[in-house]
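A structural walkthrough
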Amino acid sequence: MLQGLAAGACAALGSPIVHAQAAPKVVVIGGGFAGASFARAVKREDPQVAVALVEPNAHYTACPLSNAVIAGLRDIKDQHFGYAGIEADGIVHVPQKAVRVEAEQRRVVLADETRLGYDRLVVAPGIDMRFDAISGYDAAAAELMPHAWKAGEQTLLLRRQLEAMDDGGLVVLSVPANPFRCPPGPYERASLMAHYLKAHKPRSKILILDAKDAFSKQRLFEAGWAALYPGMIEWVSLSSGGAVTEVDAGTRTLRTEFGEHRAAVANVIPPQRAGAIAAIAGVADRTGWCPIDPVTFESRLVPNVHVIGDAAIGGAMPKSAFTANAQAKACASAVIELLRGRAPGEPKLINTCYSLLAPDYGISITGVYSPKDGLLAEVEGAGGTSPLDAPTAVRTEEAAFGEAWFGTLTAEAFG
Ligand code: FAD
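Computed from a prediction, not measured in an experiment: that's the story for all the values here.

Re the sheet that holds strand S2 (residues 50-54)
Strand order across the open sheet formed by five strands is S5-S2-S1-S9-S19, with parallel pairing between neighbours. A strand with exactly one partner marks an edge of an open sheet, and here the two such strands are strand S5 (92-94) and strand S19 (305-307). Strand-to-strand twist of the sheet, defined as the mean angle between neighbouring strand axes without regard to direction, takes the value 20°. Pairing geometry for S2 and S5, over three bridges, is parallel. Of the residues in S5, the one forming a bridge with Leu-53 is His-93. Against the sheet, helix H2 (residues 33-45) contacts strand S1 (25-29), S2 and strand S9 (120-123), and its axis sits at roughly 170° relative to S2.

Printed below as a string of structure tokens:
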């Protein structure tokens, strides 16, 4: 631990990289699922590497299962994870925000202007909302029409709004086009909101305005809605006028090209981009996301900088915590090999996304991915979804698997 801190302090003075024999330095920006999993995986593979994890928050608030918080099924405290376990591994948690990257000098500049030198930098800042994408939807509007797409205060705000709503109210969700964080997440949210409303405000309705014509696990979700919440959830596709182009936060009105909807509760999930530091560091392209080499996760734009998790262009891999963890481990192996002057091997990555439609009703989708034509491509025939006609016992089992997965993942990243 002390050795690690010394390495961090030394780097903070801005000492340029490594003298020939010094321990290699790896700096990680972002202590979410991607960054925390990466830091631990590197340290586990080679304890000699000095690892600094730059993350301003004292604890992390996890998004998976946060839809259950909105539905009143879970406490937000169960989403909180600290960094003590990570520090006990000899990783230095630097409780600051990274504000710049001086790539030529291989230094990260922190909010207090100290500099951390690195041999390899990993950028894992997650997402930011695109507050320029929907007319009228900015940070102030999000206080009235929460996105709740970063867990924490926004999650609780949406929960409170749902609780305060009268029976018979209309809840409207606005869902963006791909790519965005957690493709099945909005539909899980609609399901769990319906679970709450069915018990407490049964005359209420949920309208999903979607900027897409199809969505993840669609047939499974629609079959579940018909069985659990008949007539309660309506999905409007892009072709039927689902894309929200403008909002009026004051009156909770959402406008599409086909008309307008006035909501009692409006959950606007706007289009997204990589967390702001990615663009500042020069690793994001014009899409707002970060192109990477699919073997090493090294940025295609800035050498010696790797990008993992939601911020990266993951090809066919969805932006999920499972993906972030899988990419982190593959990237850690690649970084170790590169530090040793060896060529990394090609990774195979797995993602599984569990979704809850009710506390005892779970469904899942799994995919396997490997590098192909410069991107992460899905391995044909290797994945799949829960069966459409599964008996109730299977849905109950999958709900339990989802919860167990969350326990395993958070223990691996933060425990
Ligand atoms: P994050 O988890 O967002 O972590 C990024 C970290 O970087 C943050 O801690 C942030 O503070 C830090 N950071 C940002 N900028 C800086 C900076 N300049 N300096 C220092 N630190 C910085 N995924 C699943 O696999 N399964 C699920 O069931 C699931 N459910 C979800 C439900 C909802 C409602 C939502 C919104 C998401 C869900 N996800 C799920 C997706 C999952 O939460 C994300 O894909 C995952 O968090 C991505 O991890 P990340 O590390 O890339 O980003």
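Following the structure, the description resumes.
Description of the site of the ligand
Taken together, 35 residues sit near the ligand, with Ala-34, Glu-55, Tyr-60, Arg-181 and Asp-310 positioned nearest. The separation between an oxygen atom of the ligand and a polar main-chain atom of Phe-33 is 3.2 Å. Backbone polar atom of Ala-34 to an oxygen atom of the ligand: 2.9 Å apart, as the coordinates give it. Its free accessible area being 1,000 Å², the ligand has 92% of it covered by the protein chains. Secondary-structure elements contributing two or more residues to the shell around the ligand are H2, helix H3 (66-70) and helix H9 (321-339). Counting residues per element, the shell around the ligand draws most heavily on H9, which supplies three residues.

Rules of the game
- Residues numbered from 1 in each chain as written.
- Predicted model: local features only at pLDDT ≥ 70, side-chain atom pairs only at ≥ 80, totals over all residues.
- Heavy atoms only, no water.
- Pairing = 2+ DSSP bridges.
- Helix = DSSP H or I, 4+ residues; strand = E, 2+ residues; numbered from the N terminus.
- Axes fitted to C-alpha atoms, helices over the stretch in contact; angles between N-to-C directions.
- Contact = heavy atoms within 4.5 Å.
- Near = heavy atom within 4 Å.
- Polar contact = N/O pair within 3.5 Å; in protein donor to acceptor, adjacent residues only side chain to side chain.
- Areas by Shrake-Rupley, 256 points an atom, 1.4 Å probe, with all protein chains shown as cover.

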